[in-house]
Each structure stands twice: as structure tokens, then as C-alpha cells.
Amino acid sequence: MELGGDSAKVFDPPPPYNLQVDGGATTNLAYMPDKTDNDDIVISVDEKTTDGIPGKEEAEQEEDPWKITNFYVKVVPWSDLTTCGKVKRVLWDYFGKFVCLLGLLYMFICSLDFLGNAFKLIGGRAASSVFSESEVLSNPVAGLMIGILATVLFQSSSTTTSIIVSMVAAKLVPIRNAIPMVMGSNIGTSVTNTLVSIGQIGNQNEFRRAFAGATVHDMFNWLTVIILLPLESLTGYLYHLSEMTKNSMNLESSTGGDQEFLKTLTEPFTTLIIQVDKKIIEQIAHGIPEAMNKSIIKHCCVKEDVEVTKWNTSTHWNYSYTDSESVCLEKCKYLFEGVADSWGDTTVGIVLLVVALVILCACLILIVKTLNSMLKGKISYILKKFVNGDFPGKLAYFTGYLAILIGTGLTILVQSSSIFTSALTPLVGIGVISVERMYPLTLGANIGTTTTSVLAALAQSAEDIPLALQISLVHLYFNISGILLYFPIPYLRFPIGMAKALGNVTAHYRWFPILYLIFGFFLLPGAIFGLSLIGWQVMTGICGPIVFVLAIVVVINILQRKAPKCLPKILRNWMFLPEPLRSLDPLDRNIKKLTVFCRCCCKNKNKPENETKEVKEAEFQKTEFTKL
């Protein structure tokens with residue numbers, strides 16, 4: 001195993017420095033390198049041993065891909081470095097790489113902002129117009145799917161919840177109809193970190209861990225919705241709880257409720273590339289006719305209302321009157337401003353989407369490489385122990401709750417759960433953070449992101465605050481209820497096992513995350529939304545049998561693992577089914593064939609004309625010789 005680059009070599013600590021502990025493990029207490037040894041050395045702090053020989057693992061024992069390894073690279077001691085080596089270590093290893101990492105993180109966050117603006121330009125108008133369909137929103141399943149699709153297109157649950165809060169405050173949507181949309185926004189926001197995990201597709205184990213760390217968010221949100229959406233439809237649990245809380249509070253308006261702390265850092269750069277007018281999106285959602293023909297791209301940065309004299313000529317008596325009109329005093333200046341009118345919103349959005357994905361992938365690759373080079377030496381071991389460690393003794397149970405508080409606080413600071421979880425996803429991939437520790441951090445991020453809707457509610461006028469605050473409290477109680485369902489009892493932490501199962505599938509089929517994103521965030525919500533528009537009877541008739549079959553499959557799978565003897569012999573495995581119904585191998589073979597075919601086509605197109613002529617002449621000569 002290479003952990004330290006080309007200059008690293010595997011080293012077994014000498015026996016005098018090893019201490020035998022319980023469980024057959026040896027702990028390296030000290031290692032004194034030779035003064036002539038200038039190479040970095042891979043050290044295992046906690047190695048399995050056999051027959052008292054350090055570092056000798058059992059051949060039959062497979063390596064656990066989810067285990068946080070205790071290998072670290074022991075760098076050359078400071079005293080053995082030359083003056084030039086010491087200067088290089090301080091300026092580059094300690095300071096330079098840290099500055100590079102901060103710069104990459106900044107560009108990574110900016111690329112997420114570009115990604116969100118691109119999706120707003122491509123599908124923001126259609127997503128906003130759906131919010132104005134009051135008849136559609138009366139169906140809770142349709143409302144859930146609208147929340148998912150809108151958040152995927154906006155690339156921000158904060159934008160979706162802010163629109164929902166403003167519509168509830170304006171009495172355009174009843175609170176009961178808005179609750180499923182809030183649930184859907186929780187699911188849609190996890191598409192960003194799932195997309196980010198694809199950046200580590202080059203390494204099988206890193207990709208496995210990164211995808212599991214990202215999808216643990218998805219699994220928690222889906223499982224919570226599966227329980228709470230029917231419960232809310234039957235009992236109004238979230239509605240009544242939020243109403244009781246609202247009635248017990250003394251509400252006042254706050255003009256600073258819409259402040260976003262992270263925007264103050266990223267806006268100076270992102271506004272130089274593109275600017276989007278969110279007010280147009282909200283006006284479309286509110287059903288204002290004048291907004292339907294306006295561009296979402298922002299053209300005017302400074303406006304002023306002036307009084308204009310107008311003439312009314314619609315009657316026999318012409319008369320003048322004064323009216324206020326908005327006049328642009330200063331146009332916006334950014335990179336796409338010159339082509340915004342000629343290209344249109346959709347074209348600019350597609351170009352911006354390509355640019356955002358290129359920046360995002362480049363930043364992810366460089367962040368992973370920088371972190372791998374920084375997290376070596378003793379700091380790697382200390383950091384892994386600190387992040388994934390537990391409190392001593394009986395207090396270990398409460399470690400996860402501290403992680404929830406940390407996730408909540410950091411998400412409140414950056415005002416975005418997508419940015420917080422997306423920044424942690426590469427760390428899960430390289431093995432610094434375990435999936436088990438990522439889970440409570442993600443739960444904390446879910447709570448932290450609800451502050452956006454609370455701030456948006458407090459920014460409303462005094463008479464509109466009660467309704468706006470109630471729907472924001474629904475968002476908060478939804479996430480807290482999910483935590484109470486799937487975190488306090490370790491046995492019920494199903495999202496971790498489900499995410500790891502998806503990670504194992506991803507490690508075997510590299511194309512699976514693309515299929516997962518397309519199906520889970522576009523095709524499935526779109527299909528269910530379309531069926532809900534036809535009528536709940538049609539939706540129930542089609543989806544009901546599918547859900548029933550899936551439930552039976554889940555129960556049989558559990559019994560196959562836990563109690564196979566309770567099942568008939570034919571149901572103890574799925575081998576009686578055709579291969580396409582029990583395995584992804586047929587689809588994998590077809591995708592590989594398609595990939596090979598595309599590569600062959602590209603190679604043939606790239607062949608020079610002279611080379612093609614020579615091959616044809618050689619084949620002709622060979623044919624003539626055969627005839628002779």
C-alpha cells in the first residue's frame with residue numbers, strides 16, 4: 001500500500017518499541033529513524049498481528065473498506081533537514097498548502113453558487129410557475145414532488161423555502177398545502193453533495209466512501225418523509241405543533257432577517273460573472289403576469305422611483321395624472337451582461353452550467369490531492385482520532401449529539417447545508433471522516449439550514465410574520481422529528497446501512513451514481529408528479545402495487561439475512577429470477593459495450609488520412625497476391 005507517494009516505503013516498527021495489548025494488536029510507542037534515512041516512512045499505529053510478529057495479517061481476512069485506517073507517513077525529522085529543506089517545509093508544507101486549500105475551497109463554494117444560478121436560468125421560470133398552481137398543491141404527494149424538483153432546479157433549499165415562506169405570508173398558499181413542499185425541499189437539497197462525490201470516481205474505495213457519505217443525507221430525508229408525510233396527512237401533527245409554538249411567542253418584524261453571512265465573502269467574485277434577479281422568481285411564483293415576460297438575469301443594479309405625468313385617452317375627456325415609475329440609474333456590469341439579451345436565459349444558463357461543472361470538478365480533484373498531501377505525518381493520525389473518536393466510558397453515547405450541535409452551528413455560519421455537507425464529502429472519501437460520524441453532522445446541517453426560513457419569516461411585515469414563522473417552524477420540527485426517529489436508538493440508524501449498501505454498489509458499477517441522480521431526483525419525482533396531476537385514483541392504482549411489491553422484497557431480503565430458515569427454499573436467494581431482475585450485471589455489460597464502441601469510433605475518426613490510405617493499399621496488395 002502506497003500512502004506517501006514515490007518516496008514512501010512500508011516499515012514494520014522494530015520489536016523493542018512495540019507493546020502487546022488486548023485483542024492481538026501492537027501499538028507503536030516510538031520510532032527513532034536512522035540519521036541517514038531521508039525517506040518518508042509509512043507507520044501503522046494499530047496493526048493486527050499473528051503469532052507475535054508485527055504487521056503480519058491473516059491471509060484470509062479481507063480488508064474492511066469502511067475502516068478508518070491508522071496508517072500515517074512519518075516525515076523526516078526537523079533536525080535531519082537541511083536549511084533549504086526547513087524553509088521549504090515552513091513556506092510550502094505549513095503555509096503554502098493551507099493557503100492553496102483555502103483558495104480552492106473558496107472557488108468550490110463559488111462554483112456551487114454558479115451551479116445554482118445556472119439551474120435557476122435553465123428551469124427557474126418553470127419551477128416558479130408551478131408554485132402558482134393552487135389546485136395542484138392541494139395534493140400532498142404533488143406538493144412533495146414540487147419541492148424536490150424545485151430545489152433540484154434552484155440548487156438551493158434556502159431559495160425554495162424562502163419562496164414558500166413568502167407565499168404563505170402573502171396567503172397565496174395555505175400552510176397545510178405548503179408542508180409537503182417543505183419536506184420535498186429537504187430531499188432536493190442533497191443532490192449537490194451527491195454530485196460532488198462523483199469527483200472521486202478515480203479511486204474505488206474513495207468513491208465508495210464519498211458516495212456513501214453523500215447519500216446518507218438522501219436516505220435520512222426519504223425515510224423521514226415516508227413516515228411523516230402520511231402522519232401529517234392523517235393527523236396534522238406538524239401543523240398543530242407549529243401553531244402551538246407560534247401562538248406562545250411574541251412576534252416582531254426584523255429587517256435584518258435576510259442576511260447571509262457567506263454571501264459577503266463570495267459575492268465580490270460571483271457578481272463579476274453573473275447576476276440573477278431572485279425577485280423575478282418570487283413574482284412568477286406569486287402569479288404576477290408582468291413577471292412572466294421578464295428575464296431572470298439581472299440588468300439594472302440601481303433603480304429609483306420617479307413621478308411621471310401620464311395622459312388618459314381612453315375616455316372622451318382626456319386628463320393627466322401622476323404615477324410612480326421605476327427608472328434604471330445604473331446597469332449591472334458582469335461577464336455575461338454583453339450577451340444576456342442576445343442569448344437569452346436558457347443559453348446563458350447552459351454555458352454557465354458547463355463552466356460551473358468544470359470549476360467544481362477541478363476544485364474537487366485539487367482539494368483531495370491537497371488534503372492527501374497535508375494530512376500526513378502524526379497530524380493525520382491525531383485528526384482521525386479526534387474527529388471519529390468517542391467520549392470515554394458511558395459518555396460515548398453522547399458523542400453523536402455533540403456532532404449534531406457542531407453541524408448545526410457550522411451550517412448556521414455558512415447559511416447553507418449543501419455547502420457544508422459538500423465540503424465534508426471529500427473528507428469522507430479520503431478516510432478522514434467515517435460514514436458513522438458524517439451521519440450526525442448531516443443531521444445537524446438539516447437543523448442549521450432551517451434558520452434560513454426562520455430569518456426569511458422574521459423579515460416579513462408585522463402582520464405577515466405569524467403565518468410565515470409557522471411554516472418555518474414546520475421545517476424545523478420536521479428535521480427534529482426525523483432525528484428522534486432515526487438517531488437516539490443505534491439499531492434504528494437505517495440511513496447508515498443503506499448508504500453503505502449504495503456505496504458498495506457504486507464501487508462495483510462506476511456508472512451507478514449517474515443513474516441514481518437521474519432517476520432519484522428527476523425521473524421518479526417527475527413521473528409521480530405527472531401521475532398526481534391526472535388524479536389520485538390513477539396514482540394510487542399505479543404506485544400502490546409497486547410499493548406493495550417493494551415492501552415484500554425488503555421483508556424477504558431482511559429474512560434472507562436474519563432468518564433464512566423461515567423462508568421456503570426457493571426464496572432463500574433470488575437465483576430463480578431472470579438475471580436482469582436480480583442483478584445489474586446485464587446493464588453493466590451493455591454500458592461497457594457502448595463505451596468500447598464509442599472509443600473505437602473516436603479512434604477511427606482520429607486516424608490520419610494518409611494512414612487510412614496506406615492500410616487500404618496494403619489490404620488491396622494482399623488481396624491481389626492471394627488471387628495469384
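Calculation notes
- Residues numbered from 1 in each chain as written.
- Predicted model: local features only at pLDDT ≥ 70, side-chain atom pairs only at ≥ 80, totals over all residues.
- Heavy atoms only, no water.
- Axes fitted to C-alpha atoms, helices over the stretch in contact; angles between N-to-C directions.
- Helix = DSSP H or I, 4+ residues; strand = E, 2+ residues; numbered from the N terminus.
- Parallel < 35°, antiparallel > 145°, perpendicular 65-115°, else oblique.
- Contact = heavy atoms within 4.5 Å.
- Nonpolar A, V, L, I, M, F, W, Y, C, P; charged D, E, K, R; others polar.
- Buried < 20%, exposed > 50% of the residue type's maximum accessible area, 1.4 Å probe, protein only.
- Core = buried A, V, L, I, M, F, W, Y, C linked by side-chain atoms within 4.5 Å.
- Phe/Tyr/Trp six-rings, centres within 6.5 Å; stacked < 30°, edge-to-face > 60°.
- Lys NZ or Arg CZ within 6 Å of the ring centre and 35° of its normal.
- Salt bridge = Lys/Arg side-chain N within 4 Å of Asp/Glu carboxyl O.
- Expected span 1.5 Å × (residues − 1).
- Polar contact = N/O pair within 3.5 Å; in protein donor to acceptor, adjacent residues only side chain to side chain.
- Patch = residues over 30% accessible without salt bridge, like charges linked within 9 Å, V, L, I, M, F, W, Y side chains within 5 Å.
- Areas by Shrake-Rupley, 256 points an atom, 1.4 Å probe, with all protein chains shown as cover.
- Left-handed = near helix turned anticlockwise from the far one by under 90°.
- pLDDT = per-residue confidence, 0-100.
- Disulfide = S-S within 2.5 Å.

Visitor: What is the right way to read the packing of helix α15 (residues 417-429) against helix α16 (residues 435-448) from this model?
Guide: Working note: a packed helix pair is described by the angle between its axes plus the distance between those axes. It is the contact of α15 with α16, at a shortest axis distance of 10 Å, that shows an interaxial angle of 175 degrees. The angle between the axes of α15 and α16 places the two elements in the roughly antiparallel class. Across the interface between the two elements, S417, F420, T421, L424, T425 and V428 from α15 touch V435, M438, L441, T442 and A445 from α16. Among the residues forming the contact of α15 with α16, the class breakdown is seven nonpolar, four polar and no charged.

Visitor: Mind showing me how you'd approach the side chain of S472 here?
Guide: Tracing the backbone shows S472 in helix α18 (residues 465-486). You can call S472 buried: its relative accessible area is 1%. When near neighbours in sequence (up to four residues on either side) are disregarded, S472 contacts S453, V454 and A457.

Visitor: Which parts of the structure should I look at to understand the nonpolar core?
Guide: Considering soluble globular proteins, one finds that nonpolar side chains tend to be buried as a cluster. In this structure, L121, L144, I179, M183, I274, L352 and I471 are the most contacted members of the largest nonpolar core, which totals 75 residues. Among residues more than four places away in sequence, those in contact with L121 are I274, V276, I296, I297, D345, T346, V348, G349 and L352. Grouped together as the second largest cluster of nonpolar side chains are 39 residues, I109, L360, I367 and F420 included.

Visitor: Got a minute to help me understand the packing of aromatic side chains in this structure?
Guide: Aromatic ring pairs: the centre-centre distance and the angle between the two ring planes describe each pair. A complete count under the given rule lists 16 aromatic pairs for this structure. Between F114 and F269, the ring centres sit 6.0 Å apart and the planes meet at 55 degrees, which makes this aromatic pair tilted. Of the two residues, F114 is situated in helix α1 (residues 83-131) and F269 in helix α9 (residues 263-270); the sequence distance between them amounts to 155 residues. F114 sits in the buried class, given a relative accessible area of 2%. Taken together, a centroid distance of 6.4 Å and an interplanar angle of 75 degrees make the contact between F211 and F512 edge-to-face. On the criterion of sequence distance, the pair formed by F211 in helix α7 (residues 204-235) and F512 in helix α20 (residues 512-534) is long-range, its members being 301 residues apart. Overall, F512 belongs to the buried group, its relative accessible area being 13%. Each residue in the set F220, Y397, F398, Y401, Y439, Y486, F487 and F494 is aromatic and connected to the rest through ring pairs, giving one cluster. A cation sits over an aromatic face here: R176 above Y239, 4.1 Å from the ring centre.

Visitor: Would you take a moment to explain the pattern of salt bridges for this structure?
Guide: For the coordinates displayed, the defined rule picks out three salt bridges. A salt bridge links E436 to K500, with the nearest nitrogen and oxygen atoms 2.4 Å apart. Taken together, the residues span a long stretch of sequence, with E436 in helix α16 and K500 in helix α19 (residues 494-508) at a distance of 64 residues. On the basis of relative accessibility, which here comes to 35%, the residue E436 falls in the partly exposed class. Owing to a relative accessible area of 18%, K500 belongs among the buried residues under this scheme. One salt bridge connects E579 with R589, and the closest N-O pair in it is separated by 3.2 Å. Of this pair, E579 sits in helix α22 (residues 579-582) while R589 sits in helix α23 (residues 585-606), placing them ten residues apart in sequence. Relative accessible area serves as the criterion here: at 28%, E579 is assigned to the partly exposed category.

Visitor: Explain α15 here, please?
Guide: Between its first and last C-alpha, α15 extends 18 Å over 13 residues, near the 18 Å set by a 1.5 Å rise per residue. When you tally the buried positions in α15, you get twelve out of 13 residues, the bulk of the element. Note on α15: the residue one or two positions beyond its end, G431, has a positive phi of about 90 degrees.

Visitor: Help me understand the environment of D113 in this model?
Guide: Among the structural elements, D113 can be located in helix α1. D113 gets classed as buried once you look at its relative accessible area, which sits at 17%. Once the C-alpha coordinates of D113 and A356 are considered, the two residues, 243 residues apart in sequence, prove to be 8.4 Å apart.

Visitor: Would you mind going over the side chain of H217 with me for this structure?
Guide: Relative to the helices and strands, H217 is located in helix α7. Given a relative accessible area of 0%, H217 falls into the buried group. At 2.7 Å, the side chain of H217 forms a polar contact with the side chain of N446. In this structure H217 touches T189, S190, N193, T421, T442 and N446, once residues within four positions along its chain are discounted.

Visitor: Just checking my understanding: could you explain a nonpolar patch on the surface for this structure?
Guide: Side chains of W78, V87, V90, L91, Y94, F95, F98, V99 and L102 sit close together on the surface and give an oily, nonpolar patch of about 890 Å² of accessible area. Along the chain, V87 turns up in helix α1.

Visitor: In this structure, what is going on with helix α5 (residues 175-188)? I would like to understand it.
Guide: An α-helix turns once per 3.6 residues; consequently, residues spaced three or four apart project the same way. Its 14 residues place the ends of α5 20 Å apart at the C-alpha level, agreeing with the 20 Å of an ideal helix rising 1.5 Å per residue. α5 sits mainly inside the fold: 13 of its 14 residues count as buried.

Visitor: Looking at this structure, how should I read the packing of α7 against α16?
Guide: Packing of α7 against α16 brings their axes to within 9 Å, and their N-to-C directions diverge by 45 degrees. In terms of orientation, α7 and α16 fall into the oblique class. At the point where α7 passes α16, the crossing takes the right-handed sense. Where α7 abuts α16, its residues R209, A212, G213, V216, H217, F220 and N221 lie against V435, M438, Y439, T442, L443 and N446.

Visitor: Before we go on, may I ask you to explain the confidence of the model for the chain in this structure?
Guide: Any region with low pLDDT has predicted coordinates that should not be read closely. Of all residues in the chain, 73% attain a pLDDT of 70 or more, and the chain-wide mean is 75. In the model of the chain, strand β3 (residues 25-28) stands out as the element of lowest mean pLDDT, 38, in contrast to α19, which has the highest, 91. Across residues 1-44 the pLDDT falls below 50, and counting only partners more than four positions away or on other chains, this stretch makes 89 contacts in the model. Confidence over residues 46-62 falls short of pLDDT 50; this stretch has 28 contacts with residues more than four positions distant or in other chains.

Visitor: When you look at the state of the cysteines in this model, what are you seeing that I'm missing?
Guide: Two cysteines form a disulfide when their sulfur atoms are joined by a covalent bond. For the structure shown, the criterion picks out zero disulfides. Cysteine C110 remains unbridged, with the sulfur of C363 as its closest cysteine sulfur at 8.7 Å. Relative accessible area serves as the criterion here: at 0%, C110 is assigned to the buried category.

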